[in-house]
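So you can see what is in the structure, the chains are spelled out below.
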Amino acid sequence: MSERINSEKITADLLRPIRLNKGFMVWMGVLSISLLVCLFAYFLQLRDGMIVTGLGDYVSWGMYISNFVFFVASSLIGMLISGVLSLLKQKWAAPLARIAEIIALAFAAVAGLVIVMDMGRPDRLLNVFIHGRIQSPILWDVTVITSYMIVSALFLYIPLIPDLKICAQKLTNIPPFARKIYEFLSLNWSDTPVQRELIRKSTRTIAILIIPIALAIHTVTSWLFANTSRAGWDSTIFGPYFVAGAFVAGTAAVIIAMFIFRKVYHLEEYITEFHFDKIGQLLVLVSLLYLYFNVNEYMVPAYKMKRADAFHIHELFVGSHALLFWITQLGGLIIPIILLILKPFRKPIPMLVISTMVLIGSWLKRYIIVIPTMEHPYLPVQNVPLKFSVYTPTLIEILVTIAPMIMVLLIITVLAKVIPIIPIHETIEHQQEIASKKK
Amino acid sequence: MNYPTKKLKSILAFSFMICFAFQSFAASWNVPEDQKTRNSYIKFDASTASQGEAIYNANCLSCHGDPGKGNNLKSLNPIPPELSSVGSQNLTDGELLYILNTGRAVMPSFKNSLSEEKMWHVISYLRGFNKNYVQTLSSFDPSKSKLVKLVANFDKAKNAFLIVAYANEKNGKKALVGSEVSLFVKRRFGNLQIDKTLKTDGSGQAEIVFPNDIPGNKTGELEVIVKLFDLNYGEVQTTSRLAIGVPTNKPGLNEQRAIWNVLEKAPYWILFLYSLGVISFLIFILYILNNLRKFRISGNK
Amino acid sequence: MIENNQKSNKNTRREFLQNLGIVGVGSLLAGSAFFAARKYDSKKTAADRVKVLTAENKLVEIEKSAITEVEKTPATQLTYLQKQGRDGIAGSRFVMVIDLSKCQNARKCMSACQNAHHLRPEQHHINVLKMQETETTQPYYMPKPCQHCDNPPCVAVCPVDATFKRQDGIVLIDNERCIGCRFCIAACPYSARVFNWQEPLNAQADEGLVYNVELNVPQKKGTISKCLFSADRVREGKLPYCVSACPNGVYYFGDENEDVVTNGTTKESFRFKKLIADNAGYTLMPELGTKPRVYYLPPKGKSYPFQEKDREEAAEHLPI
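Residues numbered from 1 in each chain as written. Chains lettered and ligands numbered in written order. Predicted model: local features only at pLDDT ≥ 70, side-chain atom pairs only at ≥ 80, totals over all residues. Heavy atoms only, no water.

Enquirer: Quick question: what am I supposed to make of the overall build of chain B here?
Expert: In terms of helices and strands, chain B carries 9 helices and 8 strands. Here the C-alpha coordinates of chain B stretch approximately 125 × 55 × 35 Å along the principal axes. Sorting the 301 residues of chain B into buried and exposed places 41% on the buried side. Partitioning the intrachain contacts of chain B with sequence separation of at least 6 by distance along the chain shows that 56% fall at a separation of at least 24. Entry remark: accessible area of chain B is about 16,400 Å², with carbon and sulfur atoms responsible for 57%. With 36 positive and 24 negative side-chain charges, chain B shows a separation of 10 Å between the mean positions of the two kinds. (Helix = DSSP H or I, 4+ residues; strand = E, 2+ residues; numbered from the N terminus. Buried < 20%, exposed > 50% of the residue type's maximum accessible area, 1.4 Å probe, protein only. Contact = heavy atoms within 4.5 Å. Areas by Shrake-Rupley, 256 points an atom, 1.4 Å probe, with all protein chains shown as cover. Lys, Arg positive; Asp, Glu negative; His and termini not counted. Charge placed at Lys NZ, Arg CZ, Asp CG, Glu CD.)

Put into structure tokens, the structure is as follows:
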């Protein structure tokens, strides 16, 4: 009997956030207005050409591309938490899986838009499909990002099916069309053994499938750089280096989202300090892995000091990008590792601060990877305006960079408003298991 | 060093300095006597001068500047002279033609880029800046070149061209002695001279060996041009197509399969791996979608 | 005189070919009936027949009476120019030789190029760089066009086949197809490519001009532009714009298959391999394996001093 009450309480708790309230409307309004401002900046770029950005013939990839890499990186977390951890039977991560999947889907969907914003002729986007050359890493990127989006969507959707049924049955105060949509999407879920088995099999297949695809999207993105002969990019470890960095960025993003949802949706009973402690350990683990790749990436060229590498290393360590470089490496990686090793810091509020540092560091890290290399090609930069050789982002460019971030927030907000952010069905099942074990 | 001295001194006796400067200038060109005394057969007039101006502006202006304005490029060593100057104008027409033909150090040769007629036009233009200039017309008659018969036979045994030149004068054949002959192979952007320019011997003959490594077309054919220049008869040339080159049939540079080539010529491995990836992904997705279909069917409405 | 004749000959031949090509497009449109009737037709006398080059680059013979001329609209003109531009010149492999001992930074090449391709002053298809390798070696001027690599990294990364390598070795850019991703700029180790960050220089004057991929004019906003080895001039048997503009005899250009390069200033021709062998010719950054088609002759025995005012800029790129 107590079980029954318990599961009803869980359902009620987790369904509670699914309703329109004032806070949600205000937040959406703020996001939409900011997005409009940013889109106006993009309109200016379309009208006047990319001259409105700080880019030039030498630094021809700038903030947009760093932003793209950051987006792809952040989307990788879905695979880590829902894929790897579930296959490793890390039960603690189960309540976080949906948050991770929503983040992954939002970042992956917008990453494509980010790259379109960097194009000189977005009107010719279809050429990629009409005249595509599969020898180009861009084609690989288009292919794997599309695949990853599909798989992420399925990975979000399939475990959601029972919850959708619950939504359709238990949600009050929703318009009939919404109920119909929930009903339709729940695919006649009736909790039969056959259906349970199908869900289990499908989820497991996707959990395995998402690992190579996720590795591919970030490895291919790293190849956009590593497949060129440029100092700072011409590296064989770029694939794993980027993947490790992606885990760091994504974990930090999940922690921030966890904190916010926990506060706003009052989910303290479901996302506990235990979860923060665990994911804090995960962040340390992936950060250490990333640190290891960083040591490789800078130590090897710095030891040899080949001519072009020497310019690059010099720029980063003591030159014009040194301040940004050290802020990124210390504030975004080394200090967070030291703090998170200590248990007192693996609490919600310190972790929010540390994760924000890590996430900002992750963004800056992509900037540090893209720009200094472009500023130092093999041959001297001469007979061009200063603007071409020293990159300074413009206001328009910054606004256009912010636009996709707002879109990600919009997608996350909307998704978190229409579906339960913590899996209801799974949580109930988990509770029942614990209860049966006690008996 | 010796021959121009007397003449120049008589012209520039009023200034030792100028004389000295000019002496060293002209002497350094070492113009052969027969070239130095050459004159134009074209009457210099306003029309030739304006044609010459256009050629001058395209080829000479960037270094020598506008005549009379002193905007010649002084950063060069030696400094290209200002061509309306006394020093330059005191050169004979023949000397100017020779300088245009040969070039030296900074100054390029215009032998291949300007015909003799055009060079006389340039000189005509330059003479317009000299009030005292009086043209001495050459008695040379360009139509006389029609009398010349130029025969070039390829001798396979010797691998050489035997060139014979004579003029069909009214009083019979006259061998052209001491005329310059040169052999060229026609190429896309210009003519490649084979060996050096030779002078015909006493019987109006010359022999130029043809190298055996000149590429021809697919069948080894190439176009050979023999040019003759005689001070009395002018310029004559004859062209022939012969299969004496190395047959050349290299494939186009974009034939092989390569990562940079078009999609149809992509390496097999990349076509294979890409298709493999896409197909296995589709299989997985179809499997999942089929699961969802079964799922929907098995459920109760 | 002779030269003039040759030029006009080439011009008429070119127009003739052009007409032929357009006629060819027309004959294609006329349909497959010709091909079916081909055997029967072959009995007719050769005088009634004409050889026609189709848009697929097939040489076919058809009856003269079957020809209908296609109207020269901008669209057919564009198709023709695109096809010709992508095909390149059969049997040739173009090369450039740059004699560094002669370059004195006159920059006539740069301005001739910018005029021909309607570029802004900061856009360089060819750029004369002030170079210095080490502190003890002498600085020198180095004109740097696109290297037209035989293993071109820029072409490899293009997602849409907008930039491509032709059979004659020339790497072109088709700004009717370019999506402006600038991956090629990132991939080029020679910094040879430029982008139209804004409305191109002559945008208004060039409006309505049929795009010629061999000249890359009109330029288009949001697309790449690059050195084309003046493919339009080369087609006419003329030397590239930069090569002909040089007053100092720095450039040689020619066909490797003919083993001859011709100097742009003196128009004098030399055996290509011998020129390279005698003067220790080299290519830029051979270690990258790009196999450039541009060769350099070292700045040995320079006839000009390196200008004092350029020393500082040359020294900026000294190794750290």
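Still more ground to cover, so stick around.
Enquirer: It is not clear to me how the packing of aromatic side chains should be interpreted in this structure. Could you clarify?
Expert: Counting across every chain of the model gives 40 aromatic pairs over all chains. Judged by centre distance (5.2 Å) and plane angle (65°), the ring pair of Y41 of chain B and F140 of chain B falls under edge-to-face. Here Y41 of chain B is found in the loop between α3 (33–36) and α4 (46–59), whereas its partner F140 of chain B is found in the loop between α8 (116–127) and β1 (148–155), with 99 residues between them in sequence. On the basis of relative accessible area, F140 of chain B is assigned to the buried category, the value being 18%. Every member of this aromatic cluster is reached through a ring pair, and the members are W61, F225, W233, F238, Y241, F242 and Y290 of chain A together with F183 of chain C. Sitting above the plane of the Y166 of chain B ring, K173 of chain B keeps its charged end 4.5 Å from the centroid. Directly above the aromatic system of F184 of chain B lies the positively charged group of K227 of chain B, at a separation of 4.8 Å from the ring centroid. (Phe/Tyr/Trp six-rings, centres within 6.5 Å; stacked < 30°, edge-to-face > 60°. Lys NZ or Arg CZ within 6 Å of the ring centre and 35° of its normal.)

Enquirer: Where do I start with the side chain of Q132 of chain C in this structure?
Expert: Relative to the assigned elements, Q132 of chain C resides in the loop between β4 (127–131) and β5 (140–144). Of the polar contacts made by the side chain of Q132 of chain C, one reaches the backbone oxygen of T134 of chain C; its length is 3.4 Å. In this structure the side chain of Q132 of chain C is engaged in a polar contact, spanning 2.9 Å, whose partner is the backbone oxygen of T137 of chain C. Ignoring anything within four residues of it in the chain, the contact list for Q132 of chain C reads R307 of chain A together with T137, Q138, P139, A314, A315 and L318 of chain C. (Polar contact = N/O pair within 3.5 Å; in protein donor to acceptor, adjacent residues only side chain to side chain.)

Enquirer: I'm lost on a nonpolar patch on the surface in this one. Help?
Expert: A contiguous nonpolar surface patch, about 420 Å² in accessible area, is contributed by W326, L330, I334, I335 and I338 of chain A. Considering the arrangement of structural elements, one finds I335 of chain A in helix α14 (residues 322–341). (Patch = residues over 30% accessible without salt bridge, like charges linked within 9 Å, V, L, I, M, F, W, Y side chains within 5 Å. Salt bridge = Lys/Arg side-chain N within 4 Å of Asp/Glu carboxyl O.)

Enquirer: I'm lost on α14 of chain A in this one. Help?
Expert: Given 3.6 residues per helical turn, the α-helix brings residues three or four places apart onto the same face. A rise of 1.5 Å per residue sets the reference length of α14 of chain A, with its 20 residues, at 28 Å; its end C-alpha atoms lie 27 Å apart and thus fit the reference within 8%. Maximum bend of α14 of chain A: about 35°, positioned at L330 of chain A. (Expected span 1.5 Å × (residues − 1). Bend = angle between axes of the 7 residues up to and from the residue.)

Enquirer: Got a minute to help me understand the interface of chain B and chain A in this structure?
Expert: Contact with chain B, which involves 26 residues of that partner, is made by 30 residues of chain A. Our count for the chain B to chain A interface comes out at 0 salt bridges. At the junction of chain B and chain A, the tally comes to 9 residue pairs in polar contact (both at pLDDT 80 or more). Its residues placed into classes, the side of chain B that touches chain A shows 18 nonpolar, 5 polar and 3 charged. (Nonpolar A, V, L, I, M, F, W, Y, C, P; charged D, E, K, R; others polar.)

Enquirer: Please clarify how the confidence of the model for chain A should be interpreted in this entry.
Expert: Detailed reading of the predicted coordinates is not advisable wherever pLDDT is low. Across chain A, pLDDT averages 93, with 99% of residues at or above 70. Element-level pLDDT for chain A is lowest in helix α1 (residues 2–15) of chain A, with a mean of 78, against a maximum mean of 97 in α14 of chain A. (pLDDT = per-residue confidence, 0-100.)

Enquirer: Is there a simple way to think about the pattern of salt bridges in this case?
Expert: Two side chains bearing opposite charge may form a pair once their charged atoms approach each other closely. For the coordinates displayed, the defined rule picks out 40 salt bridges over all chains. Residues D191 of chain A and R196 of chain A are paired through a salt bridge, measuring 2.6 Å at the closest nitrogen-oxygen approach. Ionic pairing is found between K238 of chain C and E236 of chain C, a salt bridge with its closest N-O pair at 3.2 Å. Each of the salt bridges in this network shares a partner with another, and the network as a whole consists of K9, D13, R16 and E269 of chain A.

Enquirer: Is there a simple way to explain the interface of chain A and chain C in this structure?
Expert: The extent of an interface is frequently quoted as the accessible surface area lost upon association of the parts. Taken residue by residue, the interface counts 46 residues in chain A and 54 residues in chain C. For the pairing of chain A and chain C, the buried interface totals around 4,300 Å² over both sides, and the portion due to carbon and sulfur atoms is 56%. Here chain A and chain C share 2 salt bridges between them. One can count 34 residue pairs in polar contact (both at pLDDT 80 or more) joining chain A with chain C. Contributions of two or more residues to the side of chain A that touches chain C are made by α2 (22–48), α6 (127–130), α7 (137–157) and α13 (307–317) of chain A. Taken together, the residues of the side of chain A that touches chain C sort by class into 23 nonpolar, 14 polar and 9 charged. (Buried area = accessible area lost by both parts, 1.4 Å probe.)

Enquirer: What exactly am I supposed to notice about the environment of G208 of chain C here?
Expert: Secondary-structure assignment places G208 of chain C in the loop between β8 (193–195) and β9 (224–226). A sequence separation of 134 residues divides G208 of chain C from P74 of chain C, and the C-alpha atoms of the two residues are 8.6 Å apart.

Enquirer: Teacher, can you tell me more about the domain arrangement of chain B here?
Expert: You can read the domains of chain B as domain 1 (31–127), domain 2 (142–242) and domain 3 (263–298). Using only C-alpha atoms to locate each centre, domain 1 of chain B and domain 2 of chain B end up separated by 28 Å. (Domains from an automatic or database assignment.)

Enquirer: Any chance you could explain a positive patch on the surface here in plain terms?
Expert: All names here are of chain A. Together, K89, K91, R204 and K437 line one region of the surface with positive charge. Residue placement: K91 occurs in the loop between α4 (77–87) and α5 (97–118). Look at K91 and you get exposed, because its relative accessible area is 53%.

Enquirer: When you look at the sheet that holds strand β3 (residues 94–99) of chain C in this model, what are you seeing that I'm missing?
Expert: Think of a sheet as strands paired side by side through backbone hydrogen bonds, with each pair either parallel or antiparallel. All names here are of chain C. Overall, mixed pairing links the 5 strands, which are arranged β12-β11-β10-β3-β13 in an open sheet. Edge positions in the sheet fall to β12 (269–271) and β13 (294–297), since each of these pairs with one other strand and no more. Neighbour-to-neighbour, the strand axes of this sheet turn through a mean angle of 25°, independent of strand direction. (Pairing = 2+ DSSP bridges. Axes fitted to C-alpha atoms, helices over the stretch in contact; angles between N-to-C directions.)

Enquirer: Explain the nonpolar core to me, please; I cannot follow it from the model alone.
Expert: The nonpolar side chains of a soluble globular protein tend to be buried, and buried together. The biggest cluster of nonpolar side chains holds 230 residues, and the ones touching the most others in it are F225 and I279 of chain A. No other element matches helix α11 (residues 238–264) of chain A, which puts 16 residues into this core. Beyond its immediate sequence surroundings of up to four residues, I279 of chain A is in contact with I81, W92, L96, T251, V254, I255, M258 and M351 of chain A. F161, V185 and I214 of chain B together with V260 of chain C belong to the second-largest nonpolar core, a separate cluster that totals 24 residues. (Core = buried A, V, L, I, M, F, W, Y, C linked by side-chain atoms within 4.5 Å.)

Enquirer: Explain unusual backbone geometry here, please?
Expert: Residue and element names in this part refer to chain C. A cis geometry characterises the amide bond from V217 onward to P218, with omega recorded as -5°. Position of P218 relative to the elements: it lies in the loop between β8 and β9. The backbone phi angle of S191 is positive, close to 50°, even though this residue is not glycine. Within the secondary structure, S191 sits in the loop between α7 (183–187) and β8.

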